[in-house]
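# Breakdown of the fold
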Amino acid sequence: MATDESFVRGVVDRANLGDRFRYRKMFGEYGFYVDDKFVAMACENSFFVKRTRAIEDHGLALPTRPPYPGAKPYAVADGLLDEPEKLARLLVDTAALLPEPKPKKAKKRTGGN
């Protein structure tokens, strides 16, 4: 079962991070970005956050499991959806611990004049 877009919009609304927090459809599910850094995903209407030191720094004991078969385990943060301030702080702090995204390479033009 794929994630409902209404679930995704609900996560965005609860986090209340404005333009800093965006999502993109990926393989029938959704990836979430804070300041252009991939921090979380939604799979089968469940919210998964990248496992970083931020989880421990916030004193959270989140369960872990793979979001889809063959994936590495992520922290399941469904319980934080009812605690928007904690959710927002975790997402921002997770992004702060991740490296800057690599610059995208310019696409080569083929053919033509």
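The structure this text deals with has already been given above.
Quick caveat, the model's predicted, so the values are computed rather than measured. (Residues numbered from 1 in each chain as written. Predicted model: local features only at pLDDT ≥ 70, side-chain atom pairs only at ≥ 80, totals over all residues. Heavy atoms only, no water.)

### So, the sheet that holds strand β1 (residues 21-26)
- The antiparallel open sheet is built from 6 strands, whose spatial order is β1-β2-β3-β4-β6-β5. Sheet topology places β1 and β5 (64-65) at the edges, where each strand pairs with a single neighbour.
- Together, β1, β2 (29-34), β3 (37-43) and β4 (46-49) form the strand contacts of helix α1 (residues 5-15), whose direction differs from that of β1 by roughly 165°.
- Of the strands in this sheet, β1, β2, β3 and β4 are in contact with helix α3 (residues 84-97), which crosses β3 at around 130°. (Pairing = 2+ DSSP bridges. Helix = DSSP H or I, 4+ residues; strand = E, 2+ residues; numbered from the N terminus. Contact = heavy atoms within 4.5 Å. Axes fitted to C-alpha atoms, helices over the stretch in contact; angles between N-to-C directions.)

### Focus on the packing of aromatic side chains
- As enumerated under the stated definition, the model contains 5 aromatic pairs in all.
- Between Phe21 and Phe32, the ring centres sit 5.4 Å apart and the planes meet at 20°, which makes this aromatic pair stacked. With Phe21 in strand β1 and Phe32 in strand β2, this pair connects stretches of sequence that are 11 residues apart.
- With relative accessibility at 0%, the residue Phe32 sits in the buried group.
- In this structure an aromatic cluster arises from ring pairing among Phe21, Tyr23, Tyr30, Phe32 and Phe47.
- Over the ring of Tyr33 we find Arg22; its NZ or CZ atom is 4.5 Å from the centre of that ring. (Phe/Tyr/Trp six-rings, centres within 6.5 Å; stacked < 30°, edge-to-face > 60°. Buried < 20%, exposed > 50% of the residue type's maximum accessible area, 1.4 Å probe, protein only. Lys NZ or Arg CZ within 6 Å of the ring centre and 35° of its normal.)

### Concerning the nonpolar core
- Counting 28 residues, the largest nonpolar core has Phe21, Phe32, Phe47, Leu62, Leu90 and Leu91 as the members making the most contacts within it.
- Listing elements by their share of this core, those giving two or more residues are α1, β2, β3, β4, α2 (53-57) and α3.
- For Leu90, the contacting residues outside a window of four places in its chain are Val49, Ala54, Ile55, His58, Leu60, Leu62 and Leu80.
- If you look at the next biggest cluster of nonpolar residues, it comprises 7 residues, including Phe38, Met41, Tyr74 and Val76. (Core = buried A, V, L, I, M, F, W, Y, C linked by side-chain atoms within 4.5 Å.)

Fair warning: the whole summary comes from geometry, so function is off the table for now.
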